[in-house]
Amino acid sequence: TFWRAGLLALLGGLHSTPSTAAASGDLDGWIEELTRREVIERRGLARFPGEVEWGFRNEHFAAAAYAMLTERDRAAGHALAGVWLREAGEANPLALADHFQRGERPADAARALGDAARQALEGHDLVGALGHVQSVVAQCARARAQGDGSAELDAVEARARIIESEVRLWNGEPAQALPAAQAAMALLPEGTAEWFRAAGEAGTSLGRAG
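Residues numbered from 1 in each chain as written. Predicted model: local features only at pLDDT ≥ 70, side-chain atom pairs only at ≥ 80, totals over all residues. Heavy atoms only, no water.

Engineer: Please clarify how the packing of aromatic side chains should be interpreted in this entry.
Structural biologist: To describe a pair of aromatic rings, one takes the distance between the centres and the angle between the planes. Tallying each qualifying case throughout the model produces five aromatic pairs. Over the ring of Tyr 66 we find Arg 74; its NZ or CZ atom is 4.7 Å from the centre of that ring. (Phe/Tyr/Trp six-rings, centres within 6.5 Å; stacked < 30°, edge-to-face > 60°. Lys NZ or Arg CZ within 6 Å of the ring centre and 35° of its normal.)

Engineer: Which parts of the structure should I look at to understand the side chain of Asp 108?
Structural biologist: The residue Asp 108 is located in helix α6 (residues 106-122) in this model. Polar contacts involving the side chain of Asp 108 include one to the side chain of Arg 105, which spans 2.8 Å. Setting aside anything within four residues of it in sequence, one finds Asp 108 in contact with Arg 86 and Phe 100. (Helix = DSSP H or I, 4+ residues; strand = E, 2+ residues; numbered from the N terminus. Polar contact = N/O pair within 3.5 Å; in protein donor to acceptor, adjacent residues only side chain to side chain. Contact = heavy atoms within 4.5 Å.)

Engineer: What's the story with the side chain of His 99 in this structure? I'm lost.
Structural biologist: Note on placement: His 99 falls in helix α5 (residues 93-102). The exposure class assigned to His 99 is buried, which follows from its relative accessible area of 18%. Among the polar contacts listed, one links the side chain of His 99 to the side chain of His 78, at a separation of 3.0 Å. Among all residues touching His 99, those that are not within four sequence positions of it are His 78, Ala 79, Ala 81, Gly 82 and Leu 85. (Buried < 20%, exposed > 50% of the residue type's maximum accessible area, 1.4 Å probe, protein only.)

Engineer: Just to check I follow, could you spell out the packing of helix α8 (residues 151-170) against helix α9 (residues 174-187) for this structure?
Structural biologist: The axes of two packed helices give the description: the angle between them and the distance between them. One can describe the packing of α8 onto α9 by two numbers: an axis separation of 8 Å at closest approach and a directional angle of 160 degrees. Here α9 runs roughly antiparallel to α8, going by the angle between their axes. For the element pair α8 and α9, the recorded crossing hand is left-handed. Across from Asp 154, Glu 157, Ala 158, Arg 161, Ile 162, Glu 164, Ser 165, Arg 168 and Leu 169 in α8, the residues of α9 making contact are Pro 174, Gln 176, Ala 177, Ala 180, Ala 181, Ala 183, Ala 184 and Leu 187. A per-class count over the contact of α8 with α9 returns ten nonpolar, two polar and five charged. (Axes fitted to C-alpha atoms, helices over the stretch in contact; angles between N-to-C directions. Parallel < 35°, antiparallel > 145°, perpendicular 65-115°, else oblique. Left-handed = near helix turned anticlockwise from the far one by under 90°. Nonpolar A, V, L, I, M, F, W, Y, C, P; charged D, E, K, R; others polar.)

Engineer: Sorry if this is basic, but what is going on with the sheet that holds strand β3 (residues 53-56) here?
Structural biologist: The strands that make up a sheet pair up through hydrogen bonds in the backbone, lying either parallel or antiparallel. Ordered in space as β1-β3-β2, the three strands form an open sheet in which the pairing is antiparallel. Where the open sheet ends on each side, the last strands, each with one partner, are β1 (2-3) and β2 (40-42). Here β2 pairs with β3 via three bridges, running antiparallel. Paired with Ile 40 across the two strands is Phe 56, which belongs to β3. (Pairing = 2+ DSSP bridges.)

Engineer: Would you mind going over unusual backbone geometry with me for this structure?
Structural biologist: Backbone geometry follows two general trends: most residues other than glycine have a negative phi, and most peptide bonds adopt the trans configuration. The backbone of Glu 38 sits at a positive phi, close to 65 degrees, despite the residue not being glycine. With respect to the secondary-structure elements, Glu 38 resides in the loop between α2 (20-36) and β2. Classification of Glu 38 by relative accessible area gives partly exposed; the value is 48%. Look at His 124: it is not a glycine, yet its phi comes out positive at around 65 degrees. With respect to the helices and strands, His 124 occurs in the loop between α6 and α7 (126-145).

Set out below in structure tokens:
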């Protein structure tokens, strides 16, 4: 599934074009031609307001088109798609995380996976929340290996660790909840609201563990 503005964002990021107007006209021509050839089709109600939604008529067409991309363009395309979808208001954090992981943007993937962990916790999916937390930690490690030592990245991991501590407490595992809360405290500036939240989780864990 794709959208015209998303395609323009991809083309503008992957290739140098003489002008946006020229790229737009060329794109419309190809959309018309591919529709005529029954490769793609216009969908009904679009997910994003003001956008026209399109899709491949057959999954084999989609797979073949994807396979024709070079590895470098594929990674760049996923990164551009993730940015466009996020700005367009994509509500599924896992969809964003998938694009950012494939697009080799681990910090952005970690943020999206953190949102997924929070949504899972709010929906009482404790197993899913823990899985997303582990993915956040892995993506933060990848981002740091790429040279990202930002406080923002630390905060992303800390929030995930706090979620882990909450889940462990819900599961009756205070001994496992404590190190998660302590890890969050170590990542956050002491005295901030989130640091105190992590400290609260640590205190609760110690109390329940006796």
